[in-house]
Amino acid sequence: MKKRSTSAFSLVELTLAIGIAAFCLIAVFGLMPVGVQTNRNATSQTAATSILSDVIADMRATPNPPAINTSVQYGITFGTDKTLYFDGAGQFTTSLGANSRYRVSITFPSSPTGLSYTDLKVTWPAAATPANASGSVEMFAAFDRN
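Residues numbered from 1 in each chain as written. Predicted model: local features only at pLDDT ≥ 70, side-chain atom pairs only at ≥ 80, totals over all residues. Heavy atoms only, no water.

Caption draft 1: Up close: the nonpolar core. Counting 21 residues, the largest nonpolar core has V55, M59, I76, F86, I106, L120 and V122 as the members making the most contacts within it. Taken together, the elements giving at least two residues each to this core come down to α1 (11-60), β1 (82-86), β3 (102-107), β4 (115-124) and β5 (135-144). Looking at this core element by element, the count peaks at six residues for α1. Excluding anything up to four places from it in sequence, F86 contacts I51, V55, Y74, Q91, F92, N99, S100, R101, Y102 and V104. (Core = buried A, V, L, I, M, F, W, Y, C linked by side-chain atoms within 4.5 Å. Buried < 20%, exposed > 50% of the residue type's maximum accessible area, 1.4 Å probe, protein only. Helix = DSSP H or I, 4+ residues; strand = E, 2+ residues; numbered from the N terminus. Contact = heavy atoms within 4.5 Å.)

Caption draft 2: View of the sheet that holds β5. Taken together, five strands build an open sheet; the order of strands is β2-β1-β3-β4-β5 and the sheet is antiparallel. Looking at strand neighbours, the two that pair on one side only are β2 (92-93) and β5, the edges of this open sheet. Two elements, β4 and β5, share ten bridges in a ladder whose sense is antiparallel. Following the sheet pairing, T123 is matched in β5 by S136. Taken strand by strand, α1 contacts β1, β3, β4 and β5, and its axis lies near 20 degrees from that of β5. (Pairing = 2+ DSSP bridges. Axes fitted to C-alpha atoms, helices over the stretch in contact; angles between N-to-C directions.)

Here it is in structure tokens:
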């Protein structure tokens with residue numbers, strides 16, 4: 001009678017395969033917090049850049065003096081420093097609130113007559129001082145106010 005040979009994995013082979021798979025999974029799971037933090041930072045930077053774009057667009061849409069010297073949407077008066085606070089949905093207020101997520105600091109350095117420069121800095125979280133913020137985006141913009 002002929003012996004039939006059956007092929008199978010040995011217990012040693014199964015143990016090695018499970019050990020290799022466990023090592024790989026531990027490495028992948030170890031990278032998860034880094035990926036989540038990177039995604040959170042990228043989302044915050046994207047939102048902050050969008051806020052900067054909106055504020056600058058509002059300032060650029062402000063008519064030249066003497067007609068109006070204050071922006072319509074955010075009430076920014078050229079030459080006067082201002083701080084705005086934004087929540088996660090993009091709504092703004094002029095005071096720090098419970099839902100405030102971003103702080104926008106608008107400063108006007110001295111500039112030649114007829115030109116207006118502004119330094120805009122978005123920091124988060126809003127409750128932190130700009131020096132202690134966990135993230136920030138800054139932009140310098142020039143406006144022709146003739």
